[in-house]
Amino acid sequence: MVFWGNLDYFGDITHLENDLSSGVEKIVSNGYAFAAIKEDGSVITWGSEYGGDSSSVINQLSSGVKEINFENTWALAALKEDGSVVTWGDDEHGGNSSYVSDLLTSGVTKISASYGAYAALKDDGSVVTWGSIDNEVASSNISENIGGIKEIFSNQDSFAALNNNNSVVTWGSSKTGGDISWVQSQQLLPVLSGVTEIVSTRGAFAALKDDGSVYTWGNSNEGGNSSSVQEFLSSEVIKIVSTQESFAAIKEDGSVYTWGNENMGGDSSHVAAELSFGVKDIVATN
């Protein structure tokens, strides 16, 4: 491995030089710490207390790790070959999963994360959550009330999951799309069926349906309100891309429509002519 940049962020890693001199397959970072997965399935960590110190779980990280979720700002979570999960970092934001450890010993197929919480999808379609209570994401009721899940998506403070029947289930902060009870009150729940993909900004979700339409919810300033372009999102959308606070939808004819924070990609009026046809793909920054 080779290091460059502000070395103050690495801390003193001289004691790890031998461990990192060969056999590293992948490196991930949550912004505060690094974790290297080696060919033998072991993990080496360095950086701040928010994931850089894995001494408390070092024995569990000595082999069998196949991937590490780094989407949580304050912690890291390793998914092992045997379907178990190992977490470390800030205790209050997902680093401590001891209170659901019995549910994480096997059968986990994927880990998703918000700003400070985790949701683990199991092979039986159940979901296990742990992490921050402050942002309303983790709930002891979730694992009991949600089943038949096949995929989980997340934003800063909420989760959205697809059921086997392609309907949407959400939980977390009501401000960022975690509560869709208002949809039910307006008798619009069928809108959230037939969903094929969910994309998120920091505070909102956009669901792409099998009929090519798009439905959004969450923080209106961060893409949750798509009324300005809803006419164009009613059909023929093939892909949705997001920045931190805005969305862009590509249609079958190669045209692009954007919404959300005007200063973060939501306003594309100055390039509307160039985006009216022929676009194949979009790549976004924050």
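The paragraphs below set out a description of the structure included in this document. Since the structure is predicted, the reported quantities are computational estimates derived from the model, not experimental observations.

1. Concerning the pattern of salt bridges
At step 1: In the structure shown here, the tally under the stated rule is three salt bridges.
At step 2: Note that arginine 202 is salt-bridged to glutamate 222, the shortest N-O span being 3.2 Å. Here glutamate 222 lies in the loop between strand 15 (214-218) and strand 16 (237-242) and arginine 202 lies in the loop between strand 13 (195-200) and strand 14 (204-209), a separation of 20 residues in the sequence.
At step 3: Across the pair glutamate 245 and arginine 202 runs a salt bridge, and its minimum N-O distance is 2.2 Å. Here arginine 202 lies in the loop between strand 13 and strand 14 and glutamate 245 lies in the loop between strand 16 and strand 17 (246-251), a separation of 43 residues in the sequence.
At step 4: Among the residues examined, glutamate 245 registers a relative accessible area of 9% and is labelled buried.

2. Some points on unusual backbone geometry
At step 1: For asparagine 166, which is not a glycine, the phi torsion comes out positive at approximately 65°.
At step 2: Mapped onto the secondary structure, asparagine 166 falls in the loop between strand 11 (158-163) and strand 12 (168-172).
At step 3: With phi around 65°, glutamate 236 is a residue other than glycine that occupies positive phi space.
At step 4: Within the secondary structure, glutamate 236 is located in the loop between strand 15 and strand 16.
At step 5: Accessibility expressed as a relative area gives 38% for glutamate 236, which makes it partly exposed.

3. Side note on the layout of surface pockets
At step 1: Here the largest pocket is characterised by a volume of approximately 460 Å³.
At step 2: Considering the residues around the largest pocket, the lining is formed by 21 residues, among which Glu71, Ala113, Ser114, Ser154 and Asn155 are closest to the centre.
At step 3: For the lining of the largest pocket, the secondary structure elements donating two or more residues are strand 4 (65-69), strand 7 (108-113), strand 10 (149-154) and strand 13.
At step 4: Looking at the lining of the largest pocket element by element, the count peaks at four residues for strand 7.
At step 5: Here the second largest pocket defines a volume of roughly 230 Å³.
At step 6: For the second largest pocket, the lining is made up of 15 residues, of which Val229, Thr258, Gly266, Ser268 and Ser269 are closest to its centre.

4. A closer look at the environment of serine 106
At step 1: With respect to the helices and strands, serine 106 occurs in the loop between strand 6 (85-89) and strand 7.
At step 2: Serine 106 sits in the partly exposed class, given a relative accessible area of 37%.
At step 3: Considered as a pair, serine 106 and lysine 80 are 26 residues apart in the sequence and their alpha carbons are 9.0 Å apart.
At step 4: Not counting residues up to four positions away in its chain, the partners in contact with serine 106 are Asp82, Gly83, Ser84 and Lys122.

The rules behind each value
Residues numbered from 1 in each chain as written. Predicted model: local features only at pLDDT ≥ 70, side-chain atom pairs only at ≥ 80, totals over all residues. Heavy atoms only, no water. Salt bridge = Lys/Arg side-chain N within 4 Å of Asp/Glu carboxyl O. Helix = DSSP H or I, 4+ residues; strand = E, 2+ residues; numbered from the N terminus. Buried < 20%, exposed > 50% of the residue type's maximum accessible area, 1.4 Å probe, protein only. 1 Å grid on protein atoms, 1.4 Å probe; cavity = no way out; pocket = protein on both sides within 12 Å on 5 of 7 lines; lining within 4 Å. Points joined across faces, edges and corners; volume = space filled by probe spheres on them. Contact = heavy atoms within 4.5 Å.

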